Amino acid sequence: MLGEISMRKIIHVDADCFYAALEMRENPALRDVPLAVGGNPDGRGVVATCNYLARQYGVRSAMASANARRLCPNLVFVKPNFNLYKRASEEMREIFAQFSDLIEPASLDEAYLDVSESEQCRGSATLIASQIRQLVYQEIGITVSAGIAPVKFLAKIASDWNKPNGMFTVSPAEVATFCLNLPLTKLPGVGKATSTKLARLGLFNCRDILQCDKDLLVSTFGKYSYSLIQMSEGKDSRLVKPNHARKSISIERTYSADLDNQAALAECLPELMDGLRQRYRNLPKQYTVLKKYVKLKFDNFQHTTMEMTLSQNADPLCFDDFQRLMTVGWCRQKRAVRLMGLGFRLAEGSHSSLQLPLPFPCSGL
Ligand SMILES: [Mg+2]
């Protein structure tokens, strides 16, 4: 029986060959060649990421660049451009943030989302994951894979299941069966040394763990044996822990047909306001809205953001303010809009505690 803590809806999102995919997006000449992002093959460089074409030659992350070139003589090397990757990572996070406040980044291109309380897609984590994948592809131009499961480690395993550009769901009802046949090499913490030891004991999948002599397991693996048993039962008590304070909440829509005049934009505003209202209602109490903003992306892919500072006691959800910001934004280019977003910039603390002290005493002025 799975405890209540296990019954979350967790999505693990992981970009496919992230650095390489971004380099391929930036430079079409790199799209159909085996590509490695990493250090110099003539020196002591290491492959950070490679594309799937390079993987066909056996090239892998963390491999010495010189070895990689030996495996694949035509391998094209590019130096990492971390500013590019960081920007894409932030854009990905903005997309995730439309679906949940509980986001735990695991690396630049990987994150866990707890969508248990999300109301989008009728609360279906699988539909949310597929929408996230679509938005990342549309907005950032790269593919991500997703795993959906009631616990973290299974979500992570599931995101790898149909990689690249795929997704896989382990529903609560499927957890037990899925785990029975799961190879132990898929479990976090089982590396080469551990898997060799496990194999020597005749243990290959989770079913073997559940059926084996537990004393033998403890005497061989010590504390880790408890994790092995827990995971074999499909349990993982780790929660999705957001490691940063929220800086904003927002809602965005990419429209299937461009909005080519101000009236069309205005028509879409109420639906977005509803979405933002929902997110605002779910916002933890410690946050205060500092600014409201409207973001527009035009059909030429340029975007613009209009912001206004919120005075104390003002209604953050005032419709007229958003309409005004939208109009100002539209007038900047007066061309068709493919995406509109509304949002709040946030700070932790109450409005009064956030007032900046005046630099000089005001008396005598
Ligand atoms: Mg990845």
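In the block above lies the structure referred to throughout.
Computed from a predicted structure; not experimentally measured.

Caption draft 1: View of the sheet that holds strand E9 (residues 248-259). Ordered in space as E9-E12-E10-E11, the four strands form an open sheet in which the pairing is antiparallel. Edge positions in the sheet fall to E9 and strand E11 (303-309), since each has one partner strand and no second. For this sheet, the mean angle separating the axes of adjacent strands, direction not counted, is 15°.

Caption draft 2: Geometry of the coordination of the magnesium ion. All of the protein donors around the magnesium ion are Asp-14 (OD), Ala-15 (O) and Asp-109 (OD); their distances to the metal are 2.1 to 2.5 Å. Mapped onto the sequence, the residues coordinating the magnesium ion show the spacing D-A-x93-D. Of this pair, Ala-15 sits in strand E1 (residues 10-15) while Asp-109 sits in the loop between strand E5 (103-107) and strand E6 (110-114), and the two are 94 residues apart along the sequence. The exposure class assigned to Asp-109 is buried, which follows from its relative accessible area of 14%.

Caption draft 3: Region of interest: the sheet that holds strand E2 (residues 35-38). Across the sheet, three strands lie side by side as E3-E2-E4; this open sheet has mixed pairing. The sheet is open, and its two borders are formed by strand E3 (47-50) and strand E4 (76-78), each paired with just one other strand. Shown here is a sheet whose adjacent strand axes are inclined to one another by a mean of 30°, direction ignored. Relative to E3, E2 runs antiparallel, the two being bridged by three bridges. By the bridge assignment, Gly-38 is partnered in E3 with Val-47.

Caption draft 4: Here's a closer look at the layout of surface pockets. The computed volume of the largest pocket comes to approximately 640 Å³. What lines the largest pocket is a set of 25 residues, and nearest its centre among them are Gln-98, Phe-99, Gln-120, Ile-251 and Arg-279. When residues of the lining of the largest pocket are traced back to their parent elements, those giving at least two are helix H5 (125-140), E9 and helix H12 (262-281). By residue class, the composition of the lining of the largest pocket is five nonpolar, twelve polar and eight charged. Size it by volume and the second largest pocket reaches roughly 500 Å³. Taken together, 17 residues line the second largest pocket, and the ones lying closest to its centre are Arg-93, Ala-245, Arg-246, Lys-247 and Ser-248. Every element with two or more residues in the lining of the second largest pocket is listed here: helix H4 (82-97), E5 and E9. Of the residues forming the lining of the second largest pocket, the biggest block, four residues, is contributed by H4. When its residues are assigned to classes, the lining of the second largest pocket shows six nonpolar, four polar and seven charged.

Procedures and definitions
Residues numbered from 1 in each chain as written. Predicted model: local features only at pLDDT ≥ 70, side-chain atom pairs only at ≥ 80, totals over all residues. Heavy atoms only, no water. Pairing = 2+ DSSP bridges. Helix = DSSP H or I, 4+ residues; strand = E, 2+ residues; numbered from the N terminus. Axes fitted to C-alpha atoms, helices over the stretch in contact; angles between N-to-C directions. Donors = N, O, S within 2.8 Å, 3.2 Å for Na, K, Ca; no water. Buried < 20%, exposed > 50% of the residue type's maximum accessible area, 1.4 Å probe, protein only. 1 Å grid on protein atoms, 1.4 Å probe; cavity = no way out; pocket = protein on both sides within 12 Å on 5 of 7 lines; lining within 4 Å. Points joined across faces, edges and corners; volume = space filled by probe spheres on them. Nonpolar A, V, L, I, M, F, W, Y, C, P; charged D, E, K, R; others polar.

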